[in-house]
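Results of the structural survey
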Amino acid sequence: MDALITAAIPAPIWDGFEIGPLTIHAYALCIVAGMIAGLWLASRRWKARGGPEGNIIDVSIWAIIFGLIGARLYHVVSSPDAYFGPNFDGTGDLTKIWRVWEGGLGIWGAVALGAVGAWIACRRYGFKISAYADVVAPGVLLAQAIGRLGNYFNQELFGGPTTAPWGLQVSADHPNFPAGALEGTLFHPTFAYEMLWNLVGVALLLLIDRRLRLRRGMMLWSYVAWYTAGRTWIEMLRIDDAEMITLFGTTQRLNVWTSLLMLLIAIGFLIYLGLTRPKSAEGKAEADSVWRAGREPVEDSETETANSIDSTTESTTGTDTVTESPTAAGASDPVDPAIDGAKVNAAETKKVADSTEK
């Protein structure tokens, strides 16, 4: 046992720091770091798709705000005992609902409400929600991977006992230490399994996209399929409190059933989108565009039209000048006003002389 503990992942000795009365939790830092990394990757992909610079951040802010609310709500619903008490007997602590820094964010709530926020923003800015989703999907997976590290500092979301050399130590005096477990027991670091699974998924999705150009939501559903395939078996290893659901005579955690359902839905969408992929050049170009129909930028075409009008005006003005010019082919020689006046005076003088003679 001593040899295993020596090789094991040690329990964290630090979980944040204080700045005056404010406590900065390591969990929150991991979440923020994940968001930054995810936005960085999404921005690069957005630029490569021809999206206007900066708008990916504008849309993502909507998605993040809605997503955080949804993530917390899903966690509270899927793990209600701490907030409402076992069987909703009222012995829980409702104030814990607001203590996000203590951990507890459900990915499916984040995806559901985050999608609502993104849809609202995409309609506002004129982007296709499918294009946005395809662009950010690998970044979301990257953010999840980094965010999972926060579970380590909170000493939460680990699995059952294990004798594997990579087992996780949990402080015996920590509230999350399983009741009845012996001090020094090692546990499956399920958060680390998910973090590694997600990082592999990011690399795999980017490679597939480079080769197959996943469009029209195919990247989004590829992300869902990969994530749920891993989440299903990882969730089965966890021993933290969760809502248990019995289906088809089998009792499993709510997140297991949710992951299986989403996996089947993702596979169905991928089959449909694969069979209906555009074959023509016009269809492929439309699939590549990030803009909704009728919302494409028109600045370039307007500029070209204005330049064309200016050019035509200049050409017309030049033509008129040439036409009026006395040096044009077939035109008479220029008339000097002084000579013309002298001729008129001479004619008048001759008339007077003729009249006198008569």
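Our subject is the structure listed above.
So, here's what we can say about the structure. (Residues numbered from 1 in each chain as written. Predicted model: local features only at pLDDT ≥ 70, side-chain atom pairs only at ≥ 80, totals over all residues. Heavy atoms only, no water.)

**So, helix H2 (residues 26-48)**
Given 3.6 residues per helical turn, the α-helix brings residues three or four places apart onto the same face. Its 23 residues place the ends of H2 33 Å apart at the C-alpha level, agreeing with the 33 Å of an ideal helix rising 1.5 Å per residue. Within H2 the residues assigned to the buried category are Ala 26, Tyr 27, Cys 30, Gly 34, Ala 37, Gly 38, Leu 41, Ala 42, Arg 45 and Trp 46. Each element contacted by the buried residues of H2 is listed here: strand E1 (16-19), strand E2 (22-25), helix H3 (55-78), helix H6 (129-154), helix H7 (190-212) and helix H8 (218-237). Once H2 ends, the next one or two residues include Gly 50, with phi positive near 90 degrees. (Helix = DSSP H or I, 4+ residues; strand = E, 2+ residues; numbered from the N terminus. Expected span 1.5 Å × (residues − 1). Buried < 20%, exposed > 50% of the residue type's maximum accessible area, 1.4 Å probe, protein only. Contact = heavy atoms within 4.5 Å.)

**Observations regarding the pairing of E1**
Of the strand pairs in this sheet, E1 and E2 are connected by four bridges, and their pairing is antiparallel. Pairing of Phe 17 across the sheet is with Ile 24, part of E2. In sequence, E1 turns back onto E2 through a hairpin of two residues, with Gly 20 there showing a positive phi of about 65 degrees. (Pairing = 2+ DSSP bridges.)

**Brief notes about a nonpolar patch on the surface**
Where nonpolar side chains cluster on the molecular surface, the patch consists of Ile 13, Trp 14, Phe 17, Ile 19, Leu 22 and Leu 29 and spans about 650 Å² of accessible area. Tracing the chain through its elements places Phe 17 in strand E1. Assessed through its relative accessible area of 35%, Phe 17 is described here as partly exposed. (Patch = residues over 30% accessible without salt bridge, like charges linked within 9 Å, V, L, I, M, F, W, Y side chains within 5 Å. Areas by Shrake-Rupley, 256 points an atom, 1.4 Å probe, with all protein chains shown as cover. Salt bridge = Lys/Arg side-chain N within 4 Å of Asp/Glu carboxyl O.)

**What to know about the environment of Gly 139**
By secondary structure assignment, the location of Gly 139 is in helix H6. Separated by 104 residues in sequence, Gly 139 and Met 35 place their C-alpha atoms 8.4 Å apart. Sequence-distant contacts of Gly 139, defined by excluding residues within four places in its chain, comprise Gly 38 and Leu 41.

**Some details on the packing of H8 against helix H9 (residues 254-275)**
Contact pair H8 / H9: the axes reach a minimum separation of 8 Å and the direction vectors enclose 155 degrees. It follows that H8 is roughly antiparallel to H9 by the angle criterion. Relative to H9, the crossing made by H8 is left-handed. Packed against H8, whose contacting residues are Met 218, Trp 221, Ser 222, Val 224, Ala 225, Thr 228, Ala 229, Arg 231, Thr 232, Glu 235 and Met 236, the element H9 presents Asn 255, Val 256, Ser 259, Leu 260, Met 262, Leu 263, Ile 265, Ala 266, Phe 269, Leu 270, Leu 273 and Gly 274 at the interface. Class assignment of the residues belonging to the contact of H8 with H9 gives a composition of 15 nonpolar, six polar and two charged. (Axes fitted to C-alpha atoms, helices over the stretch in contact; angles between N-to-C directions. Parallel < 35°, antiparallel > 145°, perpendicular 65-115°, else oblique. Left-handed = near helix turned anticlockwise from the far one by under 90°. Nonpolar A, V, L, I, M, F, W, Y, C, P; charged D, E, K, R; others polar.)

**Overview of the packing of H6 against H8**
The contact between H6 and H8 brings their axes to 7 Å, and the two run at 25 degrees. Classified by the interaxial angle, the pair formed by H6 and H8 is roughly parallel. With respect to the hand of their crossing, H6 and H8 are arranged in right-handed fashion. On H8, the residues touching Ala 133, Asp 134, Ala 137, Pro 138, Val 140, Leu 141, Gln 144 and Arg 148 of H6 are Met 218, Met 219, Leu 220, Tyr 223, Trp 226, Tyr 227 and Arg 231. When the residues that make up the contact of H6 with H8 are grouped by side-chain class, the tally is 11 nonpolar, one polar and three charged.

**Overview of the environment of Val 135**
For Val 135, the location among the structural elements is in helix H6. Taking the C-alpha atoms as reference points, Val 135 and Arg 44, separated by 91 residues in sequence, lie 9.0 Å from one another. Setting aside residues no more than four positions away along its own chain, Val 135 makes contact with Ala 42, Arg 45, Trp 46, Arg 49 and Ile 56.

**Thoughts on H6**
The first and last C-alpha atoms of H6 sit 35 Å apart over 26 residues, in line with the 38 Å expected at 1.5 Å per residue. Val 136 marks the point of greatest bend in H6, at about 40 degrees, and the proline Pro 138 comes within the next four residues. For H6, the tally of buried residues reaches 20 of 26 residues, placing the bulk of the element in the interior. Positive phi shows up at Gln 155, right after H6, with a value of about 50 degrees. (Bend = angle between axes of the 7 residues up to and from the residue.)

**A closer look at the nonpolar core**
By size, the foremost hydrophobic cluster in this structure holds 22 residues, and its most contacted members are Trp 108, Leu 141, Trp 221, Tyr 223, Val 224 and Tyr 227. Secondary-structure elements contributing two or more residues to this core are H2, helix H5 (107-125), H6, H7, H8 and H9. Counting residues per element, this core draws most heavily on H8, which supplies seven residues. Every residue in contact with Tyr 223, bar those within four places of it in the chain, is listed here: Ile 107, Val 111, Ala 137, Val 140, Leu 141, Gln 144 and Leu 205. Of all hydrophobic cores here, the second largest spans 15 residues; its members include Ala 42, Cys 122, Val 135 and Val 290. (Core = buried A, V, L, I, M, F, W, Y, C linked by side-chain atoms within 4.5 Å.)

Coordinates in, geometry out; function isn't part of it.
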